[in-house]
Amino acid sequence: MQKGKDEGKKISRPIVRISVISIAISLAVNLITIAVVTGFQEEVRDKVAGFGSHAQILKAGEYSTFEGEPIVKDPEFEQLILNLPEVKSIQSFAYKPALLQSKLDTIWYNINGIDTFQLEQEIQGVVVKGAGAEFDWSFFKENLVEGKIPDFTAENKSNEILISDKIAQNLNLKVNEKTRAFFVENNAVKKLFTVAGIFNSGLEEFDKEIILADIRQVQDLNDWGVQAKIRVADTMMADQLLIYADVNGGNGNYKYDWGRGYEKNYGFTYCDVKDTVIRLIVSDYWMELSQREEDSSIPDTAYLKIQVKGNKNIPCEANVDMFGEIEKEYLNEDGTQFAIHFKHGKSMYFEYIDGKGSSENYIGGYEISVKEWDQLSTIVDNIKDMLITQETVDVNGQSQMLLNKYNIRSIKQDREEIFLWLDFLDLNVYIILILMLLIGIINMGSGLLVLIITKTNFIGLFKALGSSNWNIRKVFLYQVSFLIIRGLFFGNLVGIGFCVLQEYFTIIPLDANIYYLNAVPVNLSLWHILALNVGTLLVCVIALIIPSYVITKISPVKAMKLK
């Protein structure tokens, strides 16, 4: 109709073009809005979950993942979680704050013709996340920019770490270089680590804070559990050696089993005439209000082997140095084997066999990955229900509900401010979608009214020939639908074209300090495209039924007289 050669063509053509352009702009803006917002939400969500998984199980009553009390690693409980169909994986974690130190840098100056230099070292506060053999490295593999992923599956603890590009730049560190880390617990501890790889997630808030190390290192540094050692003192008491317990970790309240049951004595005097092996079992304890002692940590066991040679029956009168300390002959480099030679031909040979420590039985908690993000809240609720109904046995052999032992928190709770912000973006999407649809409807309604006005004679003629109002309205609605489809075509061209350009050429970068990402992400699925196109067409056509009602008010007699 709009191609007729009457005078109305000159009026209707620009209006119709504006209507088509408004539909195209409306669809393009909506496509880009949904692509950017969903892409942004998914990208930030995946990155945050990459550092901390979808949900975490902590000790009951704990809400901090960094400085909370540990839990005992429980393979049966892990399998119980894995049996849930919605759960993808479960892995242990542990955290420990640290100060990371750069290598020593020498800066040379020339002052008044005299060469001088200055030594500088940078220090940055970080949080060391312990990763175990079962840790899922897929997120960090995707974001690895240099080096390799550390291997924490070996029998011995690894000194390798994975750091971010941000930390590497701040401390001037490169792959395979060594760096010192300082930790504070009961005493200051210094560790030497090797940089195995460097990653860049683009999530700067996390990149400048998190490094990854062997979880066994973190377990030791947190003083979880206890480690038992037996030592021979450097001084004597009345021709008797002093044997004592040297214990690390735990809460500091120790009890000792030297073979006669637990007691508070941490040492004794010794001078024997025969070979022997001294065994020590150590645990720490809490004192309840009922004055009953309750074990806290899993016990650890150490041994001291003693071999007596020479004139065995004489007293243990040792040779001492100028400081009054016993002279010892060390038989190996680490000092775990040594001999004490007494006067009158008696000698004792000692070997320390230290306990391995129970720290590896303790973890900061579990990280749970789910198969479907949309089901996260439901899965967390299901696990909470399981904690209420299931029971377990504690280290003292007593039965207790899992709810009294564990607490589960989703990543939405731990990073509430981020996810509230992401959810707020949905409101922006709804506002933009509605505004763009209103603009399209208003402009297309204007175009429809112009078509009706310019085709008044046509309407009058059809009415005179007996056509019903609804049949005539359908003719105009079909015509407007064709115009809408044309606008949708160009809108798809612009919207999808922009998304493709942004995806492959990053035409719009972002400030990672503000937006957590260094580029505008896009995520446009076929479902979004179809829904927007069909939805726009249906909403516009349905909305245009109202302005088409004007046709019913046109009198055929007056319409045919109108020129």
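Rules and cut-offs
Residues numbered from 1 in each chain as written. Predicted model: local features only at pLDDT ≥ 70, side-chain atom pairs only at ≥ 80, totals over all residues. Heavy atoms only, no water. Helix = DSSP H or I, 4+ residues; strand = E, 2+ residues; numbered from the N terminus. Buried < 20%, exposed > 50% of the residue type's maximum accessible area, 1.4 Å probe, protein only. Axes fitted to C-alpha atoms, helices over the stretch in contact; angles between N-to-C directions. Parallel < 35°, antiparallel > 145°, perpendicular 65-115°, else oblique. Left-handed = near helix turned anticlockwise from the far one by under 90°. Contact = heavy atoms within 4.5 Å. Nonpolar A, V, L, I, M, F, W, Y, C, P; charged D, E, K, R; others polar. Arc of directions from axis to C-beta. Polar contact = N/O pair within 3.5 Å; in protein donor to acceptor, adjacent residues only side chain to side chain. Pairing = 2+ DSSP bridges. Salt bridge = Lys/Arg side-chain N within 4 Å of Asp/Glu carboxyl O. Phe/Tyr/Trp six-rings, centres within 6.5 Å; stacked < 30°, edge-to-face > 60°. Lys NZ or Arg CZ within 6 Å of the ring centre and 35° of its normal. Disulfide = S-S within 2.5 Å. pLDDT = per-residue confidence, 0-100. Patch = residues over 30% accessible without salt bridge, like charges linked within 9 Å, V, L, I, M, F, W, Y side chains within 5 Å. Areas by Shrake-Rupley, 256 points an atom, 1.4 Å probe, with all protein chains shown as cover.

Details of unusual backbone geometry
Part 1: Positive phi outside glycine occurs at Asn176, with the angle close to 75°.
Part 2: Inspection of the secondary structure puts Asn176 in the loop between helix H4 (165–171) and strand E9 (178–184).
Part 3: Using a relative accessible area of 60% as the deciding quantity, one classes Asn176 as exposed.

Describing the packing of helix H2 (residues 75–82) against helix H7 (residues 376–389)
Part 1: Two numbers describe how H2 lies on H7: the axes approach to 11 Å, and their chain directions differ by 135°. When the axis of H2 is compared with that of H7, the two are oblique. Judged by the sense of rotation from one axis to the other, the crossing of H2 with H7 is right-handed. Contact residues: Phe77, Leu80 and Ile81 in H2; Ile383, Met386 and Leu387 in H7.
Part 2: Its residues assigned to classes, the contact of H2 with H7 shows six nonpolar, no polar and no charged.

A closer look at H2
Part 1: The complete set of buried residues in H2 reads Phe77, Glu78 and Ile81. Taken end-on, H2 shows its buried residues confined to a sector of 105°, consistent with a single buried face. Exposed residues on H2 whose side chains face more than 90 degrees from its buried face are Pro75 and Glu76.
Part 2: Summarising the contacts, the buried residues of H2 are in contact with strand E1 (55–59), strand E3 (87–101), strand E24 (365–370), H7 and strand E27 (406–410).
Part 3: Sitting at the head of H2, Asp74 places a side-chain oxygen 3.1 Å from the backbone nitrogen of Glu76.

Structural notes on the sheet that holds strand E16 (residues 267–270)
Part 1: Taken together, three strands build an open sheet; the order of strands is E12-E13-E16 and the sheet is antiparallel. Each of the sheet's edge strands pairs with one partner strand only, and the pair in question is strand E12 (226–236) and E16. In this sheet, neighbouring strand axes are inclined to one another by 30° on average, regardless of whether the strands run parallel or antiparallel.

Section: the pattern of salt bridges
Two side chains carrying opposite charge are able to pair once their charged atoms lie near each other.
Part 1: Enumeration over the complete set of coordinates arrives at 16 salt bridges.
Part 2: Taking the shortest distance from any N to any O, the salt bridge between Glu204 and Lys166 comes out at 3.1 Å. Here the residue Glu204 occupies a position in helix H5 (residues 204–207), and Lys166 occupies one in helix H4, the gap between them amounting to 38 residues.
Part 3: The exposure class assigned to Lys166 is partly exposed, which follows from its relative accessible area of 29%.

A look at the packing of aromatic side chains
Part 1: In this structure the tally under the stated criterion is 22 aromatic pairs.
Part 2: An angle of 45° between the planes, with centres 5.9 Å apart, marks the rings of Phe77 and Tyr366 as tilted. Residue Phe77 is located in helix H2, and its partner Tyr366 is located in strand E24; the two are separated by 289 residues in the primary sequence. The pair formed by Phe77 and Tyr366 is uniform in burial state, with each residue classed as buried.
Part 3: Here the aromatic cluster, defined as three or more aromatic residues joined through ring pairs, consists of Phe51, Phe135, Trp137, Phe139, Phe140, Phe152, Phe199 and Phe206.
Part 4: The lysine or arginine in question, Lys309, covers the ring of Tyr349, its NZ or CZ lying 4.7 Å from the ring centre.

A word on the state of the cysteines
Disulfide: a covalent bond formed between the sulfur atoms of two cysteine residues.
Part 1: Within the structure shown, the criterion is met by one disulfide.
Part 2: In this model, Cys271 is linked to Cys316 through a disulfide, with the two sulfur atoms separated by 1.8 Å. Judged by the torsion about the S-S bond (85°), the Cys271/Cys316 disulfide is right-handed. In this pair, Cys271 is assigned in the loop between E16 and strand E17 (276–287) and Cys316 in the loop between strand E19 (300–310) and strand E20 (328–330), connecting sequence segments 45 residues apart.
Part 3: We classify Cys271 as partly exposed; its relative accessible area is 25%.

Side note on the environment of Leu84
Part 1: Along the chain, Leu84 turns up in the loop between H2 and E3.
Part 2: For the pair Leu84 and Ile383, spaced 299 residues apart in the sequence, the C-alpha separation amounts to 8.6 Å.

Topic: the packing of helix H10 (residues 456–464) against helix H11 (residues 469–505)
A pair of packed helices is captured by two measures, namely the crossing angle of their axes and the spacing between those axes.
Part 1: At their nearest, the axes of H10 and H11 sit 10 Å apart, and the two run at 145° to each other. Read as a crossing pair, H10 and H11 show a hand that is right-handed. Facing Phe458, Ile459, Phe462 and Lys463 of H10, the residues of H11 in contact are Asn469, Ile472 and Phe476.
Part 2: A per-class count over the contact of H10 with H11 returns five nonpolar, one polar and one charged.

Remarks on the pairing of strand E11 (residues 210–214)
Sheet faces and side chains relate simply in a regular strand, where the side chains alternate between the two faces.
Part 1: Most of E11 sits inside the fold, with five of its five residues counted as buried.
Part 2: Relative to E11, strand E6 (residues 123–131) runs parallel, the two sharing five bridges. Note that in E11 the partner of Ala131 across the bridge is Asp214.
Part 3: The pairing of strand E8 (residues 160–164) with E11 spans two bridges and is antiparallel.

Let's talk about the confidence of the model for the protein
Part 1: On average, residues of the protein carry a pLDDT of 85, and 90% of them reach 70 or more.
Part 2: Across residues 1–5, where pLDDT falls below 50, the model places 13 contacts with residues more than four positions away in sequence or in other chains.
Part 3: Segment residues 288–292: pLDDT under 50, and four contacts once partners within four positions in sequence are set aside and those in other chains are kept.

Here's the deal with the pairing of E24
Part 1: Burial analysis of E24 places six of its six residues in the buried class, the great majority of the element.
Part 2: Going residue by residue along E24, you find Gly365, Glu367 and Ser369 tucked away on one face and Tyr366, Ile368 and Val370 tucked away on the opposite face as well.
Part 3: The pairing of E1 with E24 spans three bridges and is classified as antiparallel. Looking across to E24, one finds that Ala55 is bridged to Ile368.
Part 4: Bridge count for E3 against E24 is six bridges, and the pairing is antiparallel. By the bridge assignment, Ser92 is partnered in E24 with Tyr366.

Regarding a nonpolar patch on the surface
Part 1: Where nonpolar side chains cluster on the molecular surface, the patch consists of Phe424, Leu427, Tyr430, Ile431, Ile434, Leu435, Leu438 and Ile442 and spans about 800 Å² of accessible area.
Part 2: Looking at where Ile442 falls in the secondary structure, it is placed in helix H9 (residues 416–454).
Part 3: Residue classification places Ile442 among the exposed residues on the basis of a relative accessible area of 56%.

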